[in-house]
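# Commentary on secondary and tertiary structure
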Amino acid sequence: MDKIIKSKNKKLKQVLSVPGDKSISHRAVMFSSLAYGETEIEGFLNGDDCLSTISCFKKLGVTITFQNDKVKVIGKGLRRLSAPSEILDVGNSGTTLRLLTGILSAQNFTTNITGDASIQKRPMDRVIKPLSQMGADIIGKDGGTLAPLTIHGKNLKAMDYTMTVSSAQVKSAIMLASLYADGETVIEEPVATRNHTEIMLNYLGANVKTVGKKIICTPPEELFAKKIIVPGDISSAAFFIVAALICKDSHLIITNVGVNITRTGIITALKEMGADLSVINRRELCGEFVADIEVKYSHLKGTVIEGAIIPRLIDEIPILAVAAMFAEGTTVIKNAEELKVKESNRIKTVVNEFQKLGADIVETDDGMIITGGKMLYGAEVESHHDHRIAMALAICALATNGETLIKNADCVDISFPKFYEYIESL
Ligand code: S3P
């Protein structure tokens, strides 16, 4: 599907809420499948990625029903998944593939697992290597670096491991394997990444301690079912935050957004750029922090985004680049080489597609440099089947002269199924 976005000359004024957090929705289905008892998940993200997680766990013998945004999971307990009779398909979802690999490494059966064309190009050695140190037996394509994977379940050993990439998916895969290990696993994380796995495992009765940069995982006897409420996804809210910042005289309030500190780099960076943005009504929900975000049209200025903040805003870099295009001066994004192995090579796709709209944006080895304030005009652009690229282009098009045609625009269904209806309602 292609989509035409016209520039909005009107100010955006609205109170809105965004769909559930993708990372937390995946984990809610996975961990409640491994817990004893029945879990109700409220606010679940009805996006293609999270539906892939449901489909995989159904094939592993878990009973899962889904109506509106409520999911019911009848958990099997840690050791009662059953061997799937067919290959598991994660679609476009790296989180499903990498976290499941950790779980499946410790089962008493063999699983074959694959995904779409993009997934089959994304690095899997980053999970296979540490899991193999625990005794996992995983065979991948191209010398064990790529999916499809064959995972022969084994008894796993505990280990001490220092992360070599800043990746919550890799950390989570090791933590999930450690639930089945023969002792305490200690993971050292030089740069902190999102900690939803730590929070939700503890919420369901596991024993995970974070001490400084170390995460200490003691295998629990079992996990126990408990109702899970998923907050709105800050990664989805980010698109509307930037829309309000760049469309004249706008004022939006986005309610019920997850504001876990490991995810709020976008707020820190935008405030640094001069955004009129407040986080209000902060409260705790199932171990996670949730708040409302109020944002007004602002005069933005360029900044440098680098170092430890990168994992806290890694998924928001495409839309942050849009904010930078409307800022005064230059924005430099560094240390973001992880963007090259996302759903698309997001350094190249952001640079190439926004140049078509007239942006002054250049690629560097580990990020990009954007000089703001250039006149942007509508053009034909391509999503590269990457949901966050499609949405960033659409938001930019709202504040651009003329019409923008986004090719393959329906990939937004991965994380934000009604995205274009939201835009039209603004
Ligand atoms: C995610 C972790 C991040 C993020 C992805 C979701 C997660 O990936 O980009 O969208 O749910 O753990 P990496 O772990 O590869 O950085």
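Quick note: structure is the one above.
The next thing to look at is the side chain of Ser172. Structurally, the position occupied by Ser172 is in helix α6 (residues 168-178). Of note is the side chain of Ser172, whose polar atom sits 3.3 Å from the side chain of Arg27. Setting aside anything within four residues of it in sequence, one finds Ser172 in contact with Arg27, Leu99 and Thr197.

Here His387 is to be found in helix α13 (residues 387-398). Residue classification places His387 among the buried positions, given a relative accessible area of 0%. A polar side-chain atom of His387 sits 2.9 Å from a polar atom in the side chain of Glu343. Here the side chain of His387 touches Ser415 through a polar contact of 2.8 Å, side chain to side chain. Residues in contact with His387, not counting those within four places in the same chain, are Lys22, Glu343, Arg346, Cys411, Val412, Ile414 and Ser415.

Here the residue pair Ala147 and Pro148 is connected by a cis peptide bond, since its omega of 5 degrees sits within 30 degrees of zero. Structurally, Pro148 is set in strand β9 (residues 146-152). Within the chain, Asp142 stands out as a residue other than glycine whose phi angle is a positive 50 degrees. For Asp142, the location among the structural elements is in helix α5 (residues 141-144). Owing to a relative accessible area of 56%, Asp142 belongs among the exposed residues under this scheme. Positive phi outside glycine occurs at Asn256, with the angle close to 60 degrees.

Bridging between strand β3 (residues 35-42) and strand β14 (residues 223-224) involves two bridges; their strand directions are parallel. Counterpart to Ala35 in the pairing with β14 is Leu223. Two strands pair when backbone bridges link them, and β3 and strand β5 (residues 70-76) are joined in this way by seven bridges, in the antiparallel orientation. Counted as the bridge partner of Tyr36 is Lys76 from β5. The sheet contact formed by β3 and strand β15 (residues 228-229) spans two bridges and is parallel. Across the sheet, the residue bridging to Glu42 is Ile229, located in β15.

Per the counting criterion, the structure on display carries eight aromatic pairs. Taking 5.8 Å as the distance between ring centres and 45 degrees as the angle between the ring planes, the aromatic pair formed by Phe240 and Phe419 counts as tilted. Placement of Phe240 in helix α8 (residues 234-246) and of Phe419 in helix α14 (residues 419-425) is noted, with a sequence separation of 179 residues between them. Across the pair, exposure class does not vary: Phe240 and Phe419 are buried alike. Taken together, a centroid distance of 5.7 Å and an interplanar angle of 35 degrees make the contact between Phe240 and Tyr422 tilted.

So, about the site of the ligand. Around the ligand, the structure places Ser23, Arg27, Thr95, Arg98, Ser166, Ser167, Ala168, Gln169, Arg194, Ile314, Asp315 and Lys342. Take Ala168: an N or O atom from its main chain is 3.0 Å from an oxygen atom of the ligand. In the model, an oxygen atom of the ligand is placed 2.6 Å from a nitrogen or oxygen of the Asp315 side chain. With the chains in place, 95% of the 390 Å² that the ligand exposes on its own is no longer accessible.

This part covers the sheet that holds strand β1 (residues 3-6). One open sheet accounts for three strands, arranged β1-β24-β23; its pairing is mixed. The outermost strands of the open sheet, each flanked by one partner alone, are β1 and β23 (380-382). Between one strand axis and the next, the sheet turns by 30 degrees as a mean value, whatever way the strands run. Examined bridge by bridge, β23 and strand β24 (residues 403-407) share three bridges and lie parallel to one another. Within β24, the residue paired with Glu380 across the bridge is Leu405. In the packing of α13 onto the sheet, the strands contacted are β1, β23 and β24, and the crossing angle to β1 comes to about 30 degrees.

Before going further, it helps to examine the packing of α6 against helix α7 (residues 196-203). α7 packs onto α6 with a crossing angle of 30 degrees between their chain directions and a minimal axis gap of 9 Å. Classified by the angle between their axes, α6 and α7 sit roughly parallel to one another. Residues Lys171, Ser172, Met175 and Leu176 of α6 form the contact with α7, whose participating residues are Thr197, Glu198 and Leu201. Looking at the contact of α6 with α7, its residues break down into three nonpolar, two polar and two charged.

Parameters at a glance
- Residues numbered from 1 in each chain as written.
- Predicted model: local features only at pLDDT ≥ 70, side-chain atom pairs only at ≥ 80, totals over all residues.
- Heavy atoms only, no water.
- Helix = DSSP H or I, 4+ residues; strand = E, 2+ residues; numbered from the N terminus.
- Polar contact = N/O pair within 3.5 Å; in protein donor to acceptor, adjacent residues only side chain to side chain.
- Contact = heavy atoms within 4.5 Å.
- Buried < 20%, exposed > 50% of the residue type's maximum accessible area, 1.4 Å probe, protein only.
- Pairing = 2+ DSSP bridges.
- Phe/Tyr/Trp six-rings, centres within 6.5 Å; stacked < 30°, edge-to-face > 60°.
- Near = heavy atom within 4 Å.
- Areas by Shrake-Rupley, 256 points an atom, 1.4 Å probe, with all protein chains shown as cover.
- Axes fitted to C-alpha atoms, helices over the stretch in contact; angles between N-to-C directions.
- Parallel < 35°, antiparallel > 145°, perpendicular 65-115°, else oblique.
- Nonpolar A, V, L, I, M, F, W, Y, C, P; charged D, E, K, R; others polar.

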